[in-house]
Amino acid sequence: MNRVGFIGIGRMGWPMALRCLGAGFTVTVQDAVPGRAEAFAAQHGGIAARDAAAAAEGADAVITMLPTSREVAEVVAAIRPVLARGAVVVEMSSGEPSATRGMAEALAAHGIAMVDAPVSGGVSRAETGQLAIMTGGDEAALARVAPLLGAMGTSITRCGDIGAGQAMKALNNLVSAAGFLVSVEALLIGSRFGLDPAVMVDVLNASTGMNNSTQKKLKQFVLSRGFDSGFGLDLMVKDLSIALQVGRETATPAPLAAQTRELWAAAASLLGPGQDHTAAARFSEALAADELSSHQVARKG
C-alpha cells in the first residue's frame, strides 16, 4: 500500500496528511475549501486534487476526515466509481456508526473495504503522530492499513466490527465532556468558598478527582482565558449526540448522558458558533454569575 488519497485537510486533517507524507506514502490531498489542497502541496509536497474523485483515483487507500457522516456519504458516492477492487476507505471522521455501516455494506458489493478509525488527542498530538486511534472493521482490511494508521497514531485499538471505533469515540467524548463540566463547577464552588482555582487543579491532579480536563484543560485553556484547545464546541455537541444515538439504538437508559448533552448544547446556543469546546466553561460561569481566575496562572500556564 503506497498511494493514499486524503480527503478533508482541516485543522486535524492537515497534520495527519503531513504525517502520512512523512512516512513515505504518496499522498493526494483534497479539501472543500478552495485553494487549501494547493497550499498543502506547495508547502509540504504531495499532490493537490481538484475534487474527491481525483484524489481517490488510483489510490490504494482513501482517508476521509470530514465534519459529519453526511459529507462522508457524499464523498463515498463520488469516489466509488474510480476506486479499484481491493481499495480500502479509511473513515477517520467522528461519524455515525449506523451510517458508516450502511456505506461499508454498499462498498463491499463492489469489492471495496471500509474501516472506521476515528481519533483522539487533538491537533497537538496529530502534529506529533501520537493520536489514539479507535478502529472498527474487518481484521484483514485493518491489517492492510496498519502502516498508514501507524504514521498518525501510537495507540491503535481495534474495538470491533465496522462502526465500533466511532461508537467508542463518541462514548469517550461523552465521558470527557461530563468530566469537564463537573470540574468547572467544582472550581466555581471552591472559588466562592475562597480556594484558589489553580491550587484546586493541583490538588485534583494529585487526588482521585484527576481527569483529562484537570490535567490538560483547566489551567491551559480555562484559567488562562485562552479557550483555544483546537477542538470546536459544535463538534463536541455532535459527538455527544452520536453517543446518545448509540444509546437509543441499543435501548440503553442514559439519563446523565442526556443531561450532559443538553448542557453542552445550551452552551453552544448561548456562546454562538465558532467557539472552542473549552469555552463551555463560560456557560457554567454565566449560570454562577462569576468568573474563574487565578493569579498563579499566566496565559497557557
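Refer to the preceding data block for the structure.
The structure displayed is predicted, hence computed values, not measured ones.

Help me understand the packing of aromatic side chains in this model?
The description of an aromatic ring pair rests on the distance of the ring centres and on the angle between the ring planes. One pass over the structure, following the stated rule, counts two aromatic pairs. For the ring pair Trp-14 and Phe-40, a centre distance of 5.1 Å and an interplane angle of 75 degrees mean the geometry is edge-to-face. Of the two residues, Trp-14 sits in helix α1 (residues 13-22) while Phe-40 sits in helix α2 (residues 36-44), which places them 26 residues apart along the sequence. The exposure class assigned to Phe-40 is buried, which follows from its relative accessible area of 0%.

Even after reading the chapter, I still don't get the environment of Leu-187, so can you show me in this structure?
Looking at where Leu-187 falls in the secondary structure, it is placed in helix α8 (residues 164-193). Taking the C-alpha atoms as reference points, Leu-187 and Val-115, separated by 72 residues in sequence, lie 41 Å from one another. If near-sequence neighbours (up to four positions away) are discounted, Leu-187 is found in contact with Pro-197, Met-200, Val-201, Leu-218, Leu-223 and Leu-292.

I'm lost on the pairing of strand β1 (residues 3-7) in this one. Help?
Every other side chain in a regular strand lies on the same face of the sheet, so the side chains alternate between the two faces. With four of its five residues buried, β1 lies for the most part within the structure. Across five bridges, the pairing between β1 and strand β2 (residues 26-30) is parallel. Directly across from Val-4, in β2, lies its bridge partner Val-27. Tracing the backbone out of β1, into α1 and back to the parallel element β2 gives a crossover that is right-handed. Here β1 runs beside strand β4 (residues 61-64); their pairing, made up of four bridges, is parallel. Opposite Phe-6, over in β4, you have Ile-63 as the bridge partner.

So what exactly am I meant to see when it comes to the environment of Ala-73 here?
One can find Ala-73 in helix α4 (residues 69-79). Among the residues examined, Ala-73 registers a relative accessible area of 36% and is labelled partly exposed. Linking Ala-73 and Met-103, residues 30 residues apart in sequence, is a C-alpha distance of 7.1 Å.

I'm lost on the nonpolar core in this one. Help?
Note that soluble globular proteins tend to have their nonpolar side chains buried in a common cluster. With 35 residues, the main nonpolar core has Phe-180 and Trp-264 as its most contacted residues. Of all elements in the fold, only α8, α9 (197-205), α11 (218-223), α12 (233-249), α13 (255-271) and α14 (281-288) reach the threshold of two or more residues within this core. The leading source of residues in this core is α8, at nine residues. Of all hydrophobic cores here, the second largest spans 34 residues; its members include Trp-14, Val-88, Val-123 and Met-152.

What should I look at first to understand the packing of α8 against α14 in this one?
Axes are the key here: two packed helices are described by the angle between their axes and the distance separating the axes. Look at α8 against α14: their axes get within 10 Å of each other, and the N-to-C directions meet at 40 degrees. Considering the angle they form, α8 stands oblique to α14. The interaxial crossing formed by α8 with α14 has right-handed handedness. Contact residues: α8 offers Phe-180, Leu-181, Val-184, Glu-185, Leu-188 and Arg-192, while α14 offers Ala-281, Ser-284, Glu-285 and Ala-288. Across the contact of α8 with α14, the residue classes tally to six nonpolar, one polar and three charged.

Procedures and definitions
Residues numbered from 1 in each chain as written. Predicted model: local features only at pLDDT ≥ 70, side-chain atom pairs only at ≥ 80, totals over all residues. Heavy atoms only, no water. Phe/Tyr/Trp six-rings, centres within 6.5 Å; stacked < 30°, edge-to-face > 60°. Helix = DSSP H or I, 4+ residues; strand = E, 2+ residues; numbered from the N terminus. Buried < 20%, exposed > 50% of the residue type's maximum accessible area, 1.4 Å probe, protein only. Contact = heavy atoms within 4.5 Å. Pairing = 2+ DSSP bridges. Right-handed = clockwise from strand over helix to strand, strands pointing away. Core = buried A, V, L, I, M, F, W, Y, C linked by side-chain atoms within 4.5 Å. Axes fitted to C-alpha atoms, helices over the stretch in contact; angles between N-to-C directions. Parallel < 35°, antiparallel > 145°, perpendicular 65-115°, else oblique. Left-handed = near helix turned anticlockwise from the far one by under 90°. Nonpolar A, V, L, I, M, F, W, Y, C, P; charged D, E, K, R; others polar.

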